[in-house]
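# Inside the fold
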Amino acid sequence: MKQDTKIIKAGRHPEKCHGAVNPPVYRFSTIIFPTVKKLLSVTNENKYDETLYGRLGTPTTAALEEAIAELEGGSHCVATPSGVAAITISLLAFLRAGDHLLMTNAAYHAVRDFCEAILPGFGIETTFYNPLLGKDIASLIRTNTRVIFCESPGSNTFEVQDIPAIVEVAHSNNCVVMLDNSWATPLFFKPLQMGVDISIQAGTKYIVGHSDAMLGTITVSNRENFLRVKDCAAKFGFCLGSEEAYLGLRGLRTLSVRLRQHMENGITLANWLKNCPEVARVMHPALPPDPGYEIWKRDFSGACGLFGIVLRPCTMARLEAMLDGMNHFSLGYSWGGYESLILPMRTGIVANRLQDEPMEATLRIHAGLEDVEDLISDFEQGFERLRMV
Ligand SMILES: *Cc1c(COP(=O)(O)O)cnc(C)c1O
């Protein structure tokens, strides 16, 4: 079955819900058992296979997990209440006191915060590594390094990582590789096929796709890793609500058509921005000569609508004049919805502190599904305001 067909079929079982096209929203905490025998038939082996209690999952969350696992090419998926929860659960499932974590320096800022503020209290040490290291990451691996966490392209600075090289080094040193794959989604990059052990989505972004729900997913390739991750989520009490799972499933059905348009609008806009005198640099892995282009072309089958630009030095007043007056690009801390967004960086939001440019000059752009000519003229007028102040 082709990917675009899978995305329509995955996780749907109309015969189990009166023929309804979509898995319904099952709302419950309590499940009632008909007999003592049935109630007591739950064992450690089958506890996640049957519906027992709301915290452990509902048929709606199970449908989402089944669909994502199939698209990622994994054996199981665990749905979580946010993208950050998917990352923290994954880390805590594999790390113990005394362990060492290698975390990409271009990680999403809340992940960096978690490593700096929470993990030390658990006795877990983090080293932030240069995302461009590739196989040379070997020099940072210690005897107690247990997890190598990747995010490709990196948040806000868009470095593309050499995942196959990192996986090879990691596995020969008994390290687990986790990847935040929110930018490419399971459609444009296949972490598990590249040997990554844990593939993570901030489903809040493109899977939900309409800026109206929080969602995360963790996909694994075998039952052993599933039990580790699911046990960790269950023991901490993390569970996704059925309403959110429903919105995730609903968004998923159109992910492929939406992404194609986000990609096209993003590339058209980025190419136009490249030629603007106000723009010093465009950060878009799908546009040569971006430093990530070669690896992107080798490993990815598409690009989403998220990229960055660095403006030539300008005052804050000019930047404010430009951004406050934008018509189609709203100011907001997210991306992946159908609408265009723009975000000026500031220290603390740009996680990758390897970058030289002043933070405010860096803009993260999410190309939405509007007509790209309107998006371009929004920037034309924005640059006019920037020049006038
Ligand atoms: C937004 C984001 C997250 C966090 O997802 P939430 O659902 O907001 O918790 C994680 N990784 C990346 C790359 C993100 O952009």
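Model, not experiment: these values are computed from the prediction.

## Observations concerning the domain arrangement of the protein chain
Taken domain by domain, the protein chain holds domain 1 (3–252) and domain 2 (256–388). Computed over C-alpha atoms only, the centres of domain 1 and domain 2 are separated by 28 Å. Across the boundary between the two partners, domain 1 contributes 37 residues, which contact 39 residues of domain 2. Summing both partners gives a buried area of about 3300 Å² for domain 1 against domain 2, and 60% of it is carried by carbon and sulfur. Counting the surface domain 1 buries against domain 2, the share from its top three residues, Trp183, Phe188 and Tyr206, is 27%. Considering only residue class, the side of domain 1 that touches domain 2 consists of 18 nonpolar, 13 polar and 6 charged.

## Section: the side chain of Gln161
Mapping Gln161 onto the fold places it in the loop between β4 (145–151) and α6 (163–172). Note on Gln161: relative accessible area 1%, which makes it buried. Here Tyr129 takes part through its side chain, which lies 3.1 Å from a polar atom of the side chain of Gln161.

## A short note on the sheet that holds strand β7 (residues 216–220)
Here we have 7 strands laid out as an open sheet, ordered β1-β7-β6-β5-β4-β2-β3, and mixed in their pairing. Looking at the sheet topology across the chains shown, the edges are occupied by β1 (76–80) and β3 (125–129). Averaged over all pairs of adjacent strands, the angle between strand axes in this sheet comes to 20°, irrespective of strand direction. Across 4 bridges, strand β6 (residues 198–201) lies against β7 in antiparallel orientation.

Criteria and cut-off values
- Residues numbered from 1 in each chain as written.
- Predicted model: local features only at pLDDT ≥ 70, side-chain atom pairs only at ≥ 80, totals over all residues.
- Heavy atoms only, no water.
- Domains from an automatic or database assignment.
- Contact = heavy atoms within 4.5 Å.
- Buried area = accessible area lost by both parts, 1.4 Å probe.
- Nonpolar A, V, L, I, M, F, W, Y, C, P; charged D, E, K, R; others polar.
- Helix = DSSP H or I, 4+ residues; strand = E, 2+ residues; numbered from the N terminus.
- Buried < 20%, exposed > 50% of the residue type's maximum accessible area, 1.4 Å probe, protein only.
- Polar contact = N/O pair within 3.5 Å; in protein donor to acceptor, adjacent residues only side chain to side chain.
- Pairing = 2+ DSSP bridges.
- Axes fitted to C-alpha atoms, helices over the stretch in contact; angles between N-to-C directions.

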